[in-house]
Amino acid sequence: MAKKSYRQAVNEAIQQEMRRDSAVILIGEDVAGGAGAGGKDDAWGGPMAVTKGLLAEFGAERVVDTPISEAGYIGMAIGAAAGGLRPIADLMFNDFIGVCFDQVVNQAAKYRYMYGGQDSIPLTIRTMIGAGLSISAQHSQCLYPVFSYFAGLKVVVPSCPYDAKGLLISAIRDNDPVIFCEHKLLYDMVEEVPDSPYSIPFGEARFVRDGGDVTIVALSRMVHIALEAATILAEQGIDCEIIDPRTTTPLDVETILESVAATGRLVIVDEAGPRCGMAADIAAMVAEDGFSSLKAPIIKVTPPHSPIPAAPNLEKLYIPDAARVIAAVHKVMGRKD
Amino acid sequence: MAGHELTAVTMPKWGMSMTTGQVVGWLEEDGARVEKGAEIVEIETEKTVNVLEAVESGILVRTIAQAGDKLPVGALLGVIAQNSPGNEAIEAFIEKFQQDFTTRDNNDASDNQPLDITLADNITIAYQYLPAGQDGDNLPIILLHGFGGDRNSWLFNSAELNSGVYALDLPGHGGSSKKVGDGSLAFLAHIVSEFMTALDLPKAHIVGHSLGASVALSLAHSFPAKVAALTLLSGLGTGTEVNRQYIEGFLAANRRKTLKPWMQQLFFNADMVSRDMVEEVLKAKRIEGAEACLGKIAAAAVLAPAEPNPAPDLAQLTMPLQVIWGRQDRIAPPDQTRDLPDGITVTIIEKAGHMVHMEAAKRVNKLIRDFSARTGS
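Note that the coordinates shown come from a computational prediction; the quantities given were computed from them, not determined experimentally.

Some words on the domain arrangement of chain A
Residue and element names in this part refer to chain A.
Phase 1 of the analysis: Taken as a whole, chain A is organised into domain 1 (3–192) and domain 2 (206–332).
Phase 2 of the analysis: Here domain 1 and domain 2 have C-alpha centroids that lie 27 Å from each other.
Phase 3 of the analysis: The interface of domain 1 with domain 2 comprises 28 residues on the first partner and 23 residues on the second.
Phase 4 of the analysis: In total, about 2,000 Å² of surface goes out of reach between domain 1 and domain 2, with carbon and sulfur atoms giving 58% of it.
Phase 5 of the analysis: Between the two partners, domain 1 and domain 2, sit two salt bridges.
Phase 6 of the analysis: With its nearest N and O atoms 3.1 Å apart, the salt bridge here joins Asp 163 to Arg 246.
Phase 7 of the analysis: If you look at where domain 1 meets domain 2, you find 14 residue pairs in polar contact (both at pLDDT 80 or more).
Phase 8 of the analysis: At the level of secondary structure, the elements contributing two or more residues to the side of domain 1 that touches domain 2 comprise α6 (144–149), β6 (154–156) and α7 (161–173).
Phase 9 of the analysis: A breakdown of the residues in the side of domain 1 that touches domain 2 according to their chemical character gives 17 nonpolar, nine polar and two charged.

Written as structure tokens, this is what we have:
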């Protein structure tokens, strides 16, 4: 078993599924990366080099590099899915979903329901989320809570290479539309990833760390911020349990409740905003169904309700860090900082 | 006894992949009198929690590692003294140990690399090899895990066997190819035989657990010259009476919550099953082709042998053979060892379930070592 980056894990999942099933195609801006750049097709493989090599192996018929029109190619992918293919559409930045919301929200998400289960849209939309590259307010958001709002969409937020590969294979094989959110700061993360294909079922949270004092639910890149905090907290004698839901729809509430029943304290760390986000959603579910086990109020650690600053110093303040997680844990433990 | 006045209690190495362990807590307090073999400290590894036993009798004069400490294998956990050597001597002993320790740690890093070898038909077998110590036994030991397991199930055994140890993943399992032919014992035994040939191992003491015991027996019948001795754990070959519900439940489970209760049935002490242990099994099951292979093996070799097979005639075998079983085995009941032919040593171990080699590791290791020694090379 070799060590692979998050980027390689995503690439390998697409490659293996395209080899396995000729109905799987890739559509998007720059997926053949470099088309038009000095005539070198496949030179880049997208802005983050995730799809590099796929054009060379599968050809332009299955790796379709499109013009800059999200509304056009997301619609095209949904149509292809309705017509029997299993497209992977590459929506470069999740912020661009705005212009294709009708296709995704009113067509793809509701297709199975409105046709009485007779048909479905086997579509995967891969898209980048997250702040940290100082590329401004329309390229840095985490919109998975918005996607999770819509019944009929499944939403995946992998935090590590192993999960990225297994969950992307499940997404591609799923018969319904799945939005697969890749955090752009995780692409260089490396860990052991099996060479063979494998699939991880949706709706099963991962225990990142076992602990008895506080439950920390963290998503995507925030899993690593939570781990950093937990390592420091362990030295102070506070033992944190970290849970990564891995998918926000379906959401493994049962595992979160089980952990809170044991610890009695909950901190939720999310890079999406504080309003109507996953942190607010999970807090509400635990308040409803796990209130009797709570020893302290639930704390949400999120950015402020604000557009994301492009200035690096302000962006750094915007993104939750380990210090904020530690402060939240101290608070639920009743410790003064 | 002057040379042994002070004995270091160190982080054990339970299995080839273990590099660190976490102290769960001491079961004996500072200053307590402990007997050799007494359980003194609980250690959690990535896979499970187990208890470390005192290697010497004496007074536990220092408990150095604290609950929650994560320490490398070989690190100092505490000190046992034969009499009262005084604080200065103890401090000097600890200081010297800590000084020597860093260098020792570095030398030990290379022996846990997983290996693999590709046999005919492009079947790759993943395995780990642990060489025999200086005064070790010449006869190599080959460890064959049970259904749905892998080489890691020997984590408490491999390092304690005093021989060159090969722990391999059977086809369809762990890191080995997801190709199991017709899923029969004959096929699996054939692969083990090929593995031995490829690694130039003419003869070995074969230790098989459960399905691995069936494979070992099949090997002994088909290639008797390759089997110098046989240790069968919790299994007797094709005639073994098996809890079918377990096999079916284990096969069907693909999530932590559904798999864990089945895995707990493998143990007398259900607490042995940690989240990480379940996660490891799930990771192996989720590899493309693994479940299909397990299904094939279950159908051909565990649940419904093609021909109704009588219990193999163990008396026909000429090599030394011992059988070890856990009294509380819920997967394969121990009663079936009652009517074995004369000359076969049967050891039933109390307070142990199907995973007897994990739950009673020390006892099982000694039985395997002694059997190897008696068999000679």
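Looking at the environment of Cys 293 of chain B
Residue and element names in this part refer to chain B.
Phase 1 of the analysis: Along the polypeptide, Cys 293 turns up in helix α7 (residues 290–303).
Phase 2 of the analysis: When its relative accessible area of 6% is taken as the criterion, Cys 293 is described as buried.
Phase 3 of the analysis: Placed 106 residues apart in sequence, Cys 293 and Phe 187 show a C-alpha to C-alpha distance of 12 Å.
Phase 4 of the analysis: The residues touching Cys 293, leaving out its near neighbours within four places in the chain, are Gly 172, Lys 178, Lys 179 and Val 180.

Let's talk about the interface of chain A and chain B
Phase 1 of the analysis: Contact with chain A, which involves 23 residues of that partner, is made by ten residues of chain B.
Phase 2 of the analysis: Interface area for chain A against chain B, summed over the two sides, is near 1,400 Å², with a carbon-plus-sulfur share of 40%.
Phase 3 of the analysis: The largest contributions to the chain A side of the interface with chain B come from Tyr 162, Glu 204 and Phe 207 of chain A, which together make up 34% of the buried area.
Phase 4 of the analysis: Where chain A meets chain B, there are five salt bridges.
Phase 5 of the analysis: Here Arg 275 of chain B and Asp 210 of chain A are joined by a salt bridge, their closest N and O atoms 2.7 Å apart.
Phase 6 of the analysis: Counting the contacts that link chain A with chain B gives ten residue pairs in polar contact (both at pLDDT 80 or more).
Phase 7 of the analysis: Counting residues per element, the side of chain A that touches chain B draws most heavily on helix α9 (residues 253–263) of chain A, which supplies three residues.
Phase 8 of the analysis: Among the residues making up the side of chain A that touches chain B, the classes are represented as nine nonpolar, four polar and ten charged.

Quick look at the pairing of strand β6 (residues 58–63) of chain B
Residue and element names in this part refer to chain B.
Phase 1 of the analysis: Here β6 lies mainly inside the structure; five of its six residues are buried.
Phase 2 of the analysis: Where strand β3 (residues 33–34) lies against β6, two bridges are found, and the strand directions are antiparallel. What sits directly across from Arg 33, in β6, is Ile 59.
Phase 3 of the analysis: Here β6 runs beside strand β8 (residues 76–81); their pairing, made up of four bridges, is antiparallel. If you follow Thr 63 over to β8, its bridge partner there is Gly 78.

With respect to the nonpolar core
A general tendency of soluble globular proteins is for nonpolar side chains to be buried together.
All names here are of chain B.
Phase 1 of the analysis: Of all hydrophobic cores here, the largest spans 98 residues; its most connected members are Leu 77, Ile 206, Leu 211 and Leu 230.
Phase 2 of the analysis: Of the residues forming this core, the biggest block, eight residues, is contributed by helix α2 (residues 185–198).
Phase 3 of the analysis: A domain split of this core shows at least three residues from each of domain 1 (2–100) and domain 2 (115–374).
Phase 4 of the analysis: Discounting chain neighbours no more than four positions away, the residues touching Leu 211 are His 145, Gly 146, Phe 147, Leu 170, His 173, Leu 185, Leu 188, Ile 297, Ala 301 and Val 302.

Examining the sheet that holds strand β2 (residues 24–28) of chain A
All names here are of chain A.
Phase 1 of the analysis: Strand order across the open sheet formed by seven strands is β3-β2-β4-β5-β7-β6-β12, with mixed pairing between neighbours. Edge positions in the open sheet fall to β3 (63–65) and β12 (247–249), since each of these has one partner strand only. Taken pair by pair, the neighbouring strands of this sheet meet at an average axis angle of 20°, ignoring direction.
Phase 2 of the analysis: Summarising the sheet, β6 and strand β7 (residues 178–183) pair through three bridges and their orientation is parallel. Within β7, the residue paired with Val 156 across the bridge is Phe 180.
Phase 3 of the analysis: Of the strands in this sheet, β2, β3, β4 (86–93) and β5 (124–129) touch helix α3 (residues 70–82), which is tilted by about 160° from β4.

Some points on unusual backbone geometry
Residues and elements named next belong to chain A.
Phase 1 of the analysis: Cis geometry marks the peptide bond from Thr 249 to Pro 250, where omega comes out at -5°.
Phase 2 of the analysis: Residue position: Pro 250 is located in the loop between β12 and α9.
Phase 3 of the analysis: Phi angles above zero are rare outside glycine, and Ser 136 is one such case at about 80°.
Phase 4 of the analysis: Within the secondary structure layout, Ser 136 lies in the loop between β5 and α6.
Phase 5 of the analysis: Here the phi dihedral of Cys 276 falls at roughly 50°; this positive angle occurs in a residue that is not glycine.
Phase 6 of the analysis: In this fold, Cys 276 is placed in the loop between β13 (266–269) and α10 (278–289).

The rules behind these values
Residues numbered from 1 in each chain as written. Chains lettered and ligands numbered in written order. Predicted model: local features only at pLDDT ≥ 70, side-chain atom pairs only at ≥ 80, totals over all residues. Heavy atoms only, no water. Domains from an automatic or database assignment. Contact = heavy atoms within 4.5 Å. Buried area = accessible area lost by both parts, 1.4 Å probe. Salt bridge = Lys/Arg side-chain N within 4 Å of Asp/Glu carboxyl O. Polar contact = N/O pair within 3.5 Å; in protein donor to acceptor, adjacent residues only side chain to side chain. Helix = DSSP H or I, 4+ residues; strand = E, 2+ residues; numbered from the N terminus. Nonpolar A, V, L, I, M, F, W, Y, C, P; charged D, E, K, R; others polar. Buried < 20%, exposed > 50% of the residue type's maximum accessible area, 1.4 Å probe, protein only. Pairing = 2+ DSSP bridges. Core = buried A, V, L, I, M, F, W, Y, C linked by side-chain atoms within 4.5 Å. Axes fitted to C-alpha atoms, helices over the stretch in contact; angles between N-to-C directions.

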